[in-house]
Amino acid sequence: HQPIEQLASLRCTPNLDTWRPCDAVESAVAWKYAIERNDGPSALIFSRQNLPHQSRDAQQLADIARGAYVLKDCAGEPELILIATGSEIGLAVAAYEQLSAQGRQVRVVSMPSTSVFDAQDAGYKQAVLPLQVGARIAIEASHADYWYKYVGLEGRVIGMTTFGESAPAPALFEHFGFTVENLLETAAELLED
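Report on the accompanying structure. Every value quoted in this text rests on a predicted model; they were computed, and no experiment measured them.

### A word on the packing of helix α4 (residues 89-101) against helix α9 (residues 180-192)
The N-to-C vectors of α4 and α9 enclose an angle of 55°; their axes lie 9 Å apart at closest approach. The angle between α4 and α9 places the two elements in the oblique class. In this structure, α4 meets α9 at a crossing whose hand is right-handed. In this structure, α4 uses Leu91, Ala92, Ala94, Ala95, Gln98 and Leu99 to contact α9, whose residues at the interface are Val180, Leu183, Leu184 and Ala187. Among the residues making up the contact of α4 with α9, the classes are represented as nine nonpolar, one polar and no charged.

Put into structure tokens, the structure is as follows:
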């Protein structure tokens with residue numbers, strides 16, 4: 001019903017690569033990765049709702065298999081990085097569009113597999129999540145604590161910290177702050193610091 005701990009548990013399982021794709025393209029890459037992987041198991045976690053397709057170029061398509069990649073970017077260095085996975089990518093992209101229209105330098109990183117990304121070389125990780133950009137927000141309808149390793153102590157996580165709420169999904173998303181409005185407010189607070 002409200003499996004806030006399951007993704008964190010799967011991600012913490014040694015030698016298990018957990019994938020949470022945001023659309024059919026990431027799903028196909030995750031499926032191919034799981035089939036071709038011969039040194040351990042993979043878990044593919046899918047959303048029940050229909051998710052919007054995200055446009056990508058050839059390099060982005062190739063980089064999906066690296067676990068995380070830049071889905072939307074700005075010209076020059078970003079002042080804010082939004083990190084999301086699965087169904088929350090749509091929320092990050094909607095916030096990116098509004099923040100970009102306001103003149104903000106924003107990047108959206110899709111991270112369908114944290115373990116696969118963690119295994120990449122330092123140069124690739126720096127290219128996706130530059131250390132000098134401290135303003136970061138992770139968005140996932142799951143346990144929030146897991147994401148601090150990517151946003152740091154100064155970053156923000158829009159995630160779950162409680163259990164047991166029951167209501168229609170749109171009401172729960174609003175209750176827990178999974179809205180573009182909350183993401184924009186969080187970004188404004190973070191960029192003011």
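### A look at the side chain of Glu26
Topologically, Glu26 is positioned in helix α2 (residues 24-36). Within the local environment of Glu26, its side chain forms a polar contact with the side chain of Ser110, the two groups lying 2.6 Å apart. Apart from the residues within four sequence positions on either side, Glu26 is in contact with Arg20, Pro21, Arg56, Ile64, Tyr69, Ser110 and Pro112.

### A closer look at the packing of aromatic side chains
Under the defined criterion, the tally for this structure stands at six aromatic pairs. Considering the side-chain rings of Phe117 and Tyr150, the 6.5 Å spacing of their centres and the 50° angle between planes classify their relative orientation as tilted. Pair noted here: Phe117 is in helix α5 (residues 114-118) and Tyr150 is in helix α7 (residues 148-151), with a separation of 33 residues, a long-range link. Its relative accessible area of 2% is what places Phe117 among the buried residues. Taking 5.9 Å as the distance between ring centres and 85° as the angle between the ring planes, the aromatic pair formed by Tyr146 and Trp147 counts as edge-to-face. Given the relative accessible area of 14%, Tyr146 is considered buried.

Definitions and cut-offs
- Residues numbered from 1 in each chain as written.
- Predicted model: local features only at pLDDT ≥ 70, side-chain atom pairs only at ≥ 80, totals over all residues.
- Heavy atoms only, no water.
- Axes fitted to C-alpha atoms, helices over the stretch in contact; angles between N-to-C directions.
- Helix = DSSP H or I, 4+ residues; strand = E, 2+ residues; numbered from the N terminus.
- Parallel < 35°, antiparallel > 145°, perpendicular 65-115°, else oblique.
- Left-handed = near helix turned anticlockwise from the far one by under 90°.
- Contact = heavy atoms within 4.5 Å.
- Nonpolar A, V, L, I, M, F, W, Y, C, P; charged D, E, K, R; others polar.
- Polar contact = N/O pair within 3.5 Å; in protein donor to acceptor, adjacent residues only side chain to side chain.
- Phe/Tyr/Trp six-rings, centres within 6.5 Å; stacked < 30°, edge-to-face > 60°.
- Buried < 20%, exposed > 50% of the residue type's maximum accessible area, 1.4 Å probe, protein only.

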